[in-house]
Amino acid sequence: WDIINSKKKIIFALDNDEAGKSLQDELLRRLGTKPNIYIATWPEGCKDANDVLIKHGQAELKKCIRGAKQVPAEGIVTMDDVIDKLNRQLL
């Protein structure tokens, strides 16, 4: 725990499948929503970092990792969290 808590930034770059999402949920449950936890997302059609590397190259993989989004504190909602729902309601 000391090692985890001492890091400025922890990036989850997990598979975008059921097992990866389950692991992410479990890690977040165990670690809580600390301000140093970020989650990388992959481009459409990619399930993991290897897919990104093969299909899009090293630069895109770096972009995904560097663009990881901070896990929001519990109870806080951002526009990114609700924009799709708002757009659907407006259309």
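Use the structure listed above.
So, here is what we can say about the structure in this document. (Residues numbered from 1 in each chain as written. Predicted model: local features only at pLDDT ≥ 70, side-chain atom pairs only at ≥ 80, totals over all residues. Heavy atoms only, no water.)

1. Considering the state of the cysteines
Considering all chains together, one arrives at zero disulfides under this definition. Here C46 is not disulfide-linked; the sulfur of C64 is the nearest cysteine sulfur, at 7.5 Å. Taking relative accessible area as the criterion, C64 reaches 9% and is therefore assigned buried. (Disulfide = S-S within 2.5 Å. Buried < 20%, exposed > 50% of the residue type's maximum accessible area, 1.4 Å probe, protein only.)

2. Things to note about the nonpolar core
Counting residues in each nonpolar core, the largest one holds eight residues, listed as Y38, A40, W42, C46, V52, L61, C64 and A68. W42 has contacts with A13, L14, N16, K47, D48, A49, V52, L61, C64 and I65, leaving out every residue within four places of it along the chain. Membership of the second largest hydrophobic core comes to seven residues, among which are I10, L31, I39 and V71. (Core = buried A, V, L, I, M, F, W, Y, C linked by side-chain atoms within 4.5 Å. Contact = heavy atoms within 4.5 Å.)

3. Quick look at the packing of aromatic side chains
Tallied over the full model, the rule gives zero aromatic pairs. Here the basic side chain of K9 rests over the ring of Y38, its NZ or CZ set 4.5 Å away from the ring centre. (Phe/Tyr/Trp six-rings, centres within 6.5 Å; stacked < 30°, edge-to-face > 60°. Lys NZ or Arg CZ within 6 Å of the ring centre and 35° of its normal.)

4. Here's the deal with the pattern of salt bridges
Under the counting rule described, the total for this entry stands at five salt bridges. Salt-bridge contacts for K47 lead to D17; the nearest nitrogen and oxygen are separated by 3.6 Å. One end of the pair, K47, is in the loop between β2 (37-39) and α3 (49-56); the other, D17, is in the loop between β1 (10-12) and α2 (18-31), and 30 residues separate them in sequence. Looking at D17, the relative accessible area reads 26%, which means it is partly exposed. We classify K47 as partly exposed; its relative accessible area is 35%. Linked through salt bridges whose partners overlap, the residues forming this network are D15, D17, K47 and D48. (Salt bridge = Lys/Arg side-chain N within 4 Å of Asp/Glu carboxyl O. Helix = DSSP H or I, 4+ residues; strand = E, 2+ residues; numbered from the N terminus.)

5. Section: a nonpolar patch on the surface
A cluster of nonpolar side chains, M79, I83 and L86, forms an exposed patch at the surface whose accessible area comes to about 250 Å². Mapping M79 onto the fold places it in helix α5 (residues 79-90). Of the residues examined, M79 reaches a relative accessible area of 52% and is grouped as exposed. (Patch = residues over 30% accessible without salt bridge, like charges linked within 9 Å, V, L, I, M, F, W, Y side chains within 5 Å. Areas by Shrake-Rupley, 256 points an atom, 1.4 Å probe, with all protein chains shown as cover.)

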